Amino acid sequence: MCRWTVSFERRFVLLLLMLCSAAAEAGLYPRVELERVREVYGVNIEAVLFDDIRAYLTPEELKSLNKVSLTFPLPDNKDSVDVFGFAIDLNSGQMAFPAQAIKFFDDLALSFAWYEHTGQDPTSIAEYVVNLHRKGLPFLPPLAALNVPEKAWEQSQYVDDVSQKILKSGLAFLLLHELAHWHFKHGAYHDISYAAARKQEQQADDFALEVMARMKTPPYGMVVWFLATSLVTSDRVTTHPLSRDRLNAIAHSLSESPGRYISYENRHSLTKQDILRLAQDIQDIAARLKQ
Ligand SMILES: [Zn+2]
């Protein structure tokens, strides 16, 4: 993980949450691009789970991790692909991080960083996510639709730092969240009540936050993730239901003990105030979420 110096501008959250929607997703990228993502990002994401995260797990948690495998599926139907579909098979321990969902998260991370760097109104990013889900394909992928240079990170150290921070911390959280479902032997959502599902979500989030605190890595990327998913999933059932309670619990956990993300090594680049701001951003998303 890299340095953690930059915080999000609050206005991102406030502006983006004016919008909401629901509809179908679809295949956004050329297959050859997704094959490249699977290869290049796949290696990195495996390293995050099986090297970086592994180093911070207890012996009991390691036993669970040892039975997990990670795959990066390509869309099998170009019209029926979910851009948020990270999941784990609760019978086999196989985690699926679809190449398209990884690429979409990466593009959103880069777009946010680029818009912040260039002083553009990030409402356009939210509108894009909403319209994509309303209208489906044919639709341009995020960078082309939002006029973000393909290699925007080359043009600014800030954009490089912020976008990487969003993507890496977001993926680490999502990997840990899935690992928790496996570790705590959670039930499949079609077998349990909505209340039970929410309880499972909270336990999975708590686990992710706990391990990220051990790693001294604040979950910055989850602001972008929750923003994007809250725009499109609030009124339909998902595998990881997003609720106001769930987001408030995350915000509460962050604000209750902000110091646990700070270490001797990162004490000059990260303050408790940064963590409290992150908590507030997530709380703002919760406040605008439809129950
Ligand atoms: Zn979940």
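For the structure, check the block above.
So, here's what we can say about the structure. Sequence order as written defines residue numbering, which begins from 1 separately in each chain. This being a predicted model, a pLDDT of at least 70 is required before a residue's local features are given, and a value of 80 or more before pairs of side-chain atoms are given or counted; all residues contribute to the totals for chains, interfaces and linings. Side-chain measures were taken over the full set of non-hydrogen atoms in the model, leaving aside hydrogen atoms and water.

1. Some thoughts on the overall build of the protein
Then, in step 1: Numbered from the N terminus, helices here are DSSP runs of H or I no shorter than four residues, and strands are runs of E no shorter than two. Per the secondary structure count, the protein includes 11 helices and three strands.
Then, in step 2: For the protein, the succession of helices and strands along the chain, N to C, is α-α-α-β-β-β-α-α-α-α-α-α-α-α.
Then, in step 3: Only protein chains enter the calculation, and the probe is 1.4 Å; a residue is then buried if its accessible area is under 20% of its type maximum, exposed if over 50%, and partly exposed in between. Evaluated residue by residue, the protein yields a buried proportion of 53% over its 291 residues.
Then, in step 4: Restricting the contact set of the protein to residue pairs at least 6 apart, pairs at least 24 apart contribute 81%.
Then, in step 5: Using the Shrake-Rupley algorithm and a 1.4 Å probe, accessible areas are obtained, with residue cover drawn only from the displayed protein chains. Approximately 12700 Å² of the protein is accessible, and the part contributed by carbon and sulfur atoms is 52%. Note on contacts: a residue pair is in contact if any heavy atoms of the two residues lie within 4.5 Å.

2. Let's talk about the packing of aromatic side chains
Then, in step 1: Each pair of aromatic rings taken from Phe, Tyr and Trp, with Trp reduced to its six-membered ring, is defined by centres within 6.5 Å and is described as stacked if the planes are under 30 degrees apart, edge-to-face if over 60, and tilted in the remaining cases. Taken as a whole, this structure holds six aromatic pairs when the rule is applied.
Then, in step 2: Relative to W225, the ring of F105 lies with its centre 5.4 Å away and its plane at 55°, an arrangement referred to as tilted. Highlighted residues: F105 in helix α4 (residues 99-118) and W225 in helix α9 (residues 221-233), separated in sequence by 120 residues.
Then, in step 3: Its relative accessible area of 2% is what places F105 among the buried residues.
Then, in step 4: A ring pair is formed by F184 and F207, whose centres lie 5.9 Å apart and whose planes are at 90°; its orientation type is edge-to-face. With a gap of 23 residues between them, F184 in the loop between α7 (157-183) and α8 (194-214) and F207 in helix α8 connect regions that are remote in the sequence.
Then, in step 5: Members of the aromatic cluster, connected to one another through ring pairs, are F84, F86, F97, F104, F105 and W225.
Then, in step 6: One cation-aromatic arrangement involves R267 over Y264; the distance from NZ or CZ to the ring centre is 3.9 Å. Counting as a charge over the ring demands two things of the Lys NZ or Arg CZ atom: a distance within 6 Å of the ring centre and an angle within 35 degrees of the ring normal.

3. Observations regarding the sheet that holds strand β3 (residues 94-96)
Then, in step 1: Read across the sheet, three strands follow the order β1-β3-β2 without closing on themselves; strand pairing throughout is mixed. At either end of the open sheet lies a strand with only one pairing partner, and these are β1 (69-71) and β2 (87-88).
Then, in step 2: Judged from the three bridges that link them, β1 and β3 form a sheet pairing that is parallel. Following the sheet pairing, S69 is matched in β3 by Q94. Strand pairing is defined by DSSP finding a minimum of two bridges between the two strands.

4. Observations concerning the pattern of salt bridges
Then, in step 1: The salt bridge definition used is simple: a Lys or Arg side-chain nitrogen within 4 Å of an Asp or Glu carboxyl oxygen. On inspection of all chains with the given rule, the structure shows 12 salt bridges.
Then, in step 2: Where K103 meets D107, a salt bridge forms, and the shortest distance between an N and an O atom there is 3.0 Å. Of the two residues, K103 and D107 are both situated in helix α4; the distance of four residues between them amounts to about one turn of the helix.
Then, in step 3: Given a relative accessible area of 7%, K103 falls into the buried group.
Then, in step 4: Residues E210 and R260 are paired through a salt bridge, measuring 3.3 Å at the closest nitrogen-oxygen approach. Placement of the pair is E210 in helix α8 and R260 in the loop between α10 (244-256) and α11 (272-287), with a sequence separation of 50 residues.
Then, in step 5: Residue E210 is classed as partly exposed on the basis of its relative accessible area of 31%.
Then, in step 6: Among the residues examined, R260 registers a relative accessible area of 24% and is labelled partly exposed.
Then, in step 7: Taken together, the salt bridges that share partners define one network made up of E33, R36, K103 and D107.

5. Thoughts on the layout of surface pockets
If a probe the size of a water molecule is rolled over the atoms, the empty space left behind becomes visible.
Then, in step 1: Within this model, the largest pocket holds a volume of roughly 700 Å³.
Then, in step 2: Grid spacing is 1 Å over the protein atoms alone, the probe is 1.4 Å, and a cavity is where that probe fits but cannot get out, while a pocket is an open set with protein on both sides within 12 Å along at least five of seven lines and lining residues have an atom within 4 Å of a point. Around the largest pocket, the lining comprises 28 residues; the ones closest to its centre are R36, Y41, D106, W153 and L167.
Then, in step 3: At the level of elements, α2 (31-53), α4, α6 (142-145) and α7 are the ones that each hand at least two residues to the lining of the largest pocket.
Then, in step 4: Here the lining of the largest pocket takes nine residues from α2, the largest share from any one element. Grid points are joined across faces, edges and corners, and a volume is the space filled by probe spheres set on the points.

6. Concerning unusual backbone geometry
Then, in step 1: Its identity as a non-glycine residue notwithstanding, K185 has a phi of 50°, on the positive side.
Then, in step 2: Position of K185 among the secondary structure elements: in the loop between α7 and α8.
Then, in step 3: In the Ramachandran plot, K216 falls in the positive-phi region, its phi being about 55° despite a non-glycine side chain.

7. Some remarks on the environment of L70
Then, in step 1: Mapped onto the fold, L70 is located in strand β1.
Then, in step 2: Through-space distance from the C-alpha of L70 to that of M95 is 4.7 Å; in sequence the pair is 25 residues apart.
Then, in step 3: Those residues within four positions of L70 in sequence are excluded, and the remaining contacts are I45, E46, L49, F50, M95, F97 and L175.

8. Observations concerning the packing of α7 against α8
Then, in step 1: Every axis corresponds to a line fitted to the C-alpha atoms, with the helix fit spanning only the stretch in contact, and the corresponding angles, defined between N-to-C directions, vary from 0 to 180 degrees. In contact at an axis separation of 8 Å, α7 and α8 are set at 125° when each is read in the N-to-C sense. Classified by the angle their axes make, α7 and α8 are oblique. Considering only the axes of α7 and α8, their crossing is right-handed. Facing S169, A172, F173, L176, H177, L179, A180, H181 and H183 of α7, the residues of α8 in contact are Q200, E201, A204, D205, F207, A208, L209, V211 and M212. Roughly parallel means an angle under 35 degrees; roughly antiparallel means over 145; roughly perpendicular covers 65 to 115; every other angle is labelled oblique. By definition, turning the near helix anticlockwise from the far helix through less than a right angle yields a left-handed crossing, and turning it clockwise yields a right-handed one.

What is shown is where atoms sit, not what they do.
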